[in-house]
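# Chain and residue survey
For reference, the chains in residue letters:
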Amino acid sequence: MKTKLYLPIISLLAMSVFAFISCDDSDSDTTKPVIELHEPEEGQELKIGGENGVHFEMDLSDDVMLKSYMIEIHSNFDHHSHGKSRAVGTGEATVDFSFNRSYDISGKKTAHIHHHDIVIPANATPGDYHLMVYCTDAAGNEAYIARNIVLSTTAEEDDHHHDE
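As annotated in an unreviewed UniProt entry, the protein chain is DUF4625 domain-containing protein from Bacteroides faecis.

This is the structure in structure tokens:
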């Protein structure tokens, strides 16, 4: 009779230990990284054909460790169709501008990003575009931020000059 009583108690104890071990998620990182995009600003006009490139500046942070970030720019006209179009009234062929580049920032909890890698060619189609920034941490959590920007031939040239 005592063996009948011990078997359920041992089974219940084993299941409790297994459940306790399985539910211990205290070490897993589920927090997304934080993106603070300073420039370009929402609605900012960017110079087509500018020589200095777009002034891009942001701060990234994560509670554990960052891994990478990606910048993507694509047109926000023609229902996101990408290809050749004509600039209105110019008669010149233009190309919908796009930019897509990833950067490795592994091993850092915070990163101040400042560069001029985005160069808009002289034949880029003027108009509305989306700028997207994605950041991934070492655990695979991803955050993103989106901005509306305008590419224009009449925008002022970025006069942000410095030694990097």
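That shown, we press on.
Looking only at helices and strands, the protein chain features one helix and 10 strands. Across the 164 residues in the protein chain, those meeting the buried criterion constitute 35%. Taking contacts inside the protein chain between residues at least 6 apart in sequence as the whole, the part at least 24 apart equals 75%.

Sheet architecture is open: five strands sit in the order E2-E10-E9-E4-E7, paired in mixed fashion. Bordering the open sheet on either side are strand E2 (45–47) and strand E7 (99–104), each of which pairs with just one other strand. The average angle at which neighbouring strand axes cross in this sheet is 25°, direction not considered. Sheet topology places strand E9 (residues 127–137) next to strand E10 (residues 142–152); 10 bridges connect them, and they run antiparallel. For Cys 135, the partnering residue across the bridge sits in E10 and is Ala 143.

Structurally, His 130 is set in strand E9. In this structure His 130 comes out as buried when scored by relative accessible area, which is 19%.

Turning our attention to the sheet that holds strand E8 (residues 110–115). Taken in spatial order, the three strands make up an open sheet running E1-E3-E8, and their pairing is antiparallel. Looking at the sheet topology across the chains shown, the edges are occupied by strand E1 (34–39) and E8. In this sheet, neighbouring strand axes are inclined to one another by 15° on average, regardless of whether the strands run parallel or antiparallel. Strand direction decides the pairing type here: E1 and strand E3 (residues 56–61), joined by five bridges, are antiparallel. Looking at the pairing, Ile 35 lines up with Leu 60 of E3.

Our focus in this paragraph is the nonpolar core. Formed by 29 residues in total, the largest nonpolar core has its most connected members in Met 58, Leu 60, Tyr 69 and Phe 97. Contributing elements (two or more residues each) for this core: E1, E3, strand E4 (66–75), E7, E8, E9 and E10. Those residues within four positions of Leu 60 in sequence are excluded, and the remaining contacts are Val 34, Ile 35, Leu 66, Tyr 69, Ile 105, Lys 109, Thr 110, Ala 111, Ile 113 and Cys 135.

Reading the values: rules and limits
Residues numbered from 1 in each chain as written. Predicted model: local features only at pLDDT ≥ 70, side-chain atom pairs only at ≥ 80, totals over all residues. Heavy atoms only, no water. Helix = DSSP H or I, 4+ residues; strand = E, 2+ residues; numbered from the N terminus. Buried < 20%, exposed > 50% of the residue type's maximum accessible area, 1.4 Å probe, protein only. Contact = heavy atoms within 4.5 Å. Pairing = 2+ DSSP bridges. Axes fitted to C-alpha atoms, helices over the stretch in contact; angles between N-to-C directions. Core = buried A, V, L, I, M, F, W, Y, C linked by side-chain atoms within 4.5 Å.

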